[in-house]
Structure formats: structure tokens, C-alpha cells
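Commentary on secondary and tertiary structure
Below, each chain spelled out in residue letters.
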There are 2 protein chains.
Amino acid sequence: MDFTPADAATLHRILTWRRDVRHFRRDAIDPETIARLEAAMDLAPSVGNARPWRVIRVEATDLRAQVRAEFARCNAQAADRYADAQHDAYLRLKLAGLDAAPLQLAVFTVTDPDEGHRLGRMTMPSTLADSTAMAIHTLWLAARAENLGTGMVSILDPAVMAQIFAVPPGWAFAAYLCLGHPEFTDDTPLLHRAGWQENTTHRWDLR
Amino acid sequence: MDFTPADAATLHRILTWRRDVRHFRRDAIDPETIARLEAAMDLAPSVGNARPWRVIRVEATDLRAQVRAEFARCNAQAADRYADAQHDAYLRLKLAGLDAAPLQLAVFTVTDPDEGHRLGRMTMPSTLADSTAMAIHTLWLAARAENLGTGMVSILDPAVMAQIFAVPPGWAFAAYLCLGHPEFTDDTPLLHRAGWQENTTHRWDLR
């Protein structure tokens, strides 16, 4: 399988227009698209081919309400740790699309899976969480290529999230994802536009 | 920016043919391609737009030799933890392309960056490592679209890697990456082909 410069350019456009989306329309994603997104995660890399991510699709009204409440609690605590103008700027940011996103996913990592037989992770158990992060990123890009937005919500207490979803012992909360049709598209991060944190570039340090 | 079904299909092919590559040709990657790969990482998502990854491009012969020695040490220790047939199967696997890969990168995460002003990571500091994992995955896909292979090496002691590269305090080792022209391409993971760990699929659990 050889790729062309046009293929590389397509990937570059998808990467460029991928955003952390917090502004969603409420219309549902069609089931065929959801099935494709679900299957795309299986293509992510994983340590020892262990595929340690576990995904709960959250439709129940009471579960969604509990997540919104937990976000509100954690976000208020976070806001309190900023002073003066930064406090006000923080409160002006919209940091999650929990109110409207039609598809919501709670993602966990199995911290000691049988799969993979520990290969590649004895020295670095963190590679399991890395695998889940890459699976989330795979979903993120696949969604963008379907003209859908994804938001990754981390302003949540991992222990509370494990309680809300009553997950088995050994499942570590990774992220809560909101997906849906975005209200707008952009090639520039919202936090850069809002003046919270401008884009930085990191060149490789040659040794 | 709207994407077409053809664009989504291109991404799907790139995801399908991305492998953890350990078999490299020795010919160099041209500098223009390396520059594009370097720039691609800036397009990865990051918590608070903090972009906490730091990359060292390793060209010095003595540094490469130290990494190979550390891999050999950790890999021998890992092999010793398997018994009988699994021990033999482990030893037959080629788990790194450190011998031949023309481009080698040591990747670290800044664990308390000023950038982002702690946004999004107060409850989950692990989101910084997640950001680095997603930047590695971004590079991985960009390389594949340029017909290059990437291997992520984690059979290394993070503390020793920090020593070898004498990184500042607060830099956590994330991974050592090997890049180059692959000896062959495949749509199926090596560990599946070798019978070490077959592919699994995870459907979303509806609640």
C-alpha cells in the first residue's frame, strides 16, 4: 500500500481542521456513521496489541445529568483557583458541550489486561493509558473526516466517574467525549482565539 | 471546511496500514519530509493548548548506543518473566528497529508546563501524557501517509532514559521512536501475525 502526496495532503487538512469542539447542534448522528466511528477505534495502535480501552455510550438521562453535575462541580473548583482577570477569563470560556452533544462516551482503560501478556509495558505501564489516548485520537480524526466534532472533557474527578458508571475494579477513567455536528468549524484552537493560551511550536532538539 | 466520503476513506486507509514497524531500511529520510513530520506534531490536540511534548532527535552514535544497550537490558529482563514456550516466543519477536532506523526520536512530557495555565488538567494531570501520546500518534499517521514506518519503543526504563539525555527536572520520558522506510507494509499487526496477541474488537457498551 503506497500513499500519494494527495493522500498526505488530505490527512494534513483533517489534522488542521480537527478541533476540541464544545459547541454542538442537537441533531442526532446517523447510526451508520456511529458504527463506522466505533470500528475506527479498533485501528488504533496499542501496547502488546492489548487494546485496553473500554467505551460506554451514555444515553440514559440520569447518567448524563450526573456527568453534567460532576463537571459543574469540578469546573467551579477550577475557576476558584484563578484570581482577578484570569478568573473572569476562565468563566467566560465554554469548556464542554455536555448540554447539547447527541453522542456522549465515557472512556476507561483496563489497567492490567490479559491481552498482550504484558508485552511492552513492564517498564512503562503508562503505555496502556497512551494506547487509550491514541484510540481517542483515532476516533477524533475519523469523526472530523465525517464532518463531526469531538470534545474531550477532563474537568471531572476520575474516582467519581468510576462511581457514576459503576465500572469494574481496574478500570481507570480516561476521558468523557462529546460528539456531534459542530456549530462552526475552525482551523485555530478556541483557547488561542480566546487569548487564554496562544499556539506554540516545538522544534526538535538535535543531539 | 467540509470533508467528502473520499477523504474519510483516505483516512481509513492510512489508519488501516499504519503499523508499529520494527523492520527498517537504512536509507535516510529526506530533510523536507522530516520538516513536514516535525510540523505535523504541532497539529495534535493538547490539554489547555499546552503542547507539553518535547522531542530530541538523536543522531549521536554514543547516544544511540546507550539506548540500544538500555533496550537490550530491559528486553532481557522482560523475557525472563515468561516461562517455557512463551519465553521462546518472546525471544523470537523483533520488538524494536533501533539497529537500522535512520531517524530516532526521544520524546518527553513536561509535567507542569506554564502553557495552558493548568486549564483542563487540575483533576486529571494525566491529560498531559495523553497529549504527548496524541502528538506521537499524529506523527505516526503523518509518517505513514509519507510511506514511512514508525515504531514506538517502550521496553526502556524511563529514569535511565532521562539520565541518558540529561533532561531538565520535570520532563517525563514518554517513548523512543524509530522512523524510516519500512522493509514491508502490512494491514495486520505483527503480534497478531506472530500469534502473540490476536486482534480484538470492542463494541461500545450502551447505557
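Residues numbered from 1 in each chain as written. Chains lettered and ligands numbered in written order. Predicted model: local features only at pLDDT ≥ 70, side-chain atom pairs only at ≥ 80, totals over all residues.

1. Remarks on the packing of helix 5 (residues 127-145) of chain A against helix 1 (residues 5-17) of chain B
Two quantities define a packed helix pair, namely the angle between the axes and the distance from one axis to the other. Interhelical geometry of helix 5 of chain A versus helix 1 of chain B gives an angle of 160° and a closest axis separation of 8 Å. Relative to helix 1 of chain B, helix 5 of chain A is oriented roughly antiparallel. Contacts between helix 5 of chain A and helix 1 of chain B involve A:T138, A:L141, A:A142 and A:A145 on the former and, on the latter, B:D7, B:A8, B:L11 and B:L15. Split into classes, the residues belonging to the contact of helix 5 of chain A with helix 1 of chain B amount to six nonpolar, one polar and one charged. (Axes fitted to C-alpha atoms, helices over the stretch in contact; angles between N-to-C directions. Helix = DSSP H or I, 4+ residues; strand = E, 2+ residues; numbered from the N terminus. Parallel < 35°, antiparallel > 145°, perpendicular 65-115°, else oblique. Contact = placed C-beta atoms within 7 Å. Nonpolar A, V, L, I, M, F, W, Y, C, P; charged D, E, K, R; others polar.)

2. Notes on the pairing of strand 2 (residues 103-110) of chain A
Taken residue by residue, a regular strand's side chains alternate between the two faces of the sheet. With eight of eight residues buried, strand 2 of chain A is to be regarded as a mostly interior element. By the alternation rule, side chains of strand 2 of chain A split into A:L103, A:L105, A:V107 and A:T109 and A:Q104, A:A106, A:F108 and A:V110, which are all buried. (Buried ≥ 20, exposed ≤ 12 C-beta atoms within 10 Å, placed from the backbone.)

3. Notes on the relation of the copies chain B and chain A
Its rotation angle being 180°, the transformation that places chain B on chain A also includes 0.0 Å of axial translation and leaves an RMSD of 0.0 Å. Here the transformation between the copies is reduced to the relation of a two-fold axis. (Least-squares fit on C-alpha atoms with pLDDT ≥ 70 in both.)

4. Details of the sheet that holds strand 5 (residues 205-206) of chain B
The five strands lie next to each other as 3(A)-4(A)-2(A)-1(A)-5(B), forming an open sheet whose pairing is mixed. In this open sheet, the two strands that pair with only one neighbour each are strand 3 (149-153) of chain A together with strand 5 of chain B. Bridge analysis of strand 1 (residues 53-57) of chain A against strand 2 of chain A gives five bridges, and the strand direction is antiparallel. Of the residues in strand 2 of chain A, the one forming a bridge with A:R54 is A:F108. (Pairing = 2+ DSSP bridges.)

5. Here's the deal with the sheet that holds strand 2 (residues 103-110) of chain B
Read across the open sheet, the five strands follow the order 5(A)-1(B)-2(B)-4(B)-3(B); overall the sheet is mixed. Whereas interior strands pair on both sides, the edge strands pair on one side only; in this sheet they are strand 5 (205-206) of chain A together with strand 3 (149-153) of chain B.

6. Some points on the nonpolar core
Ranked by internal contacts, the top residues of the largest apolar core, which has 108 residues, are A:V107, A:V153, B:V107 and B:V153. Apart from residues lying up to four places away in sequence, B:V153 is in contact with B:F71, B:A96, B:L98, B:A175, B:Y176 and B:C178. (Core = buried A, V, L, I, M, F, W, Y, C linked by C-beta atoms within 7 Å.)

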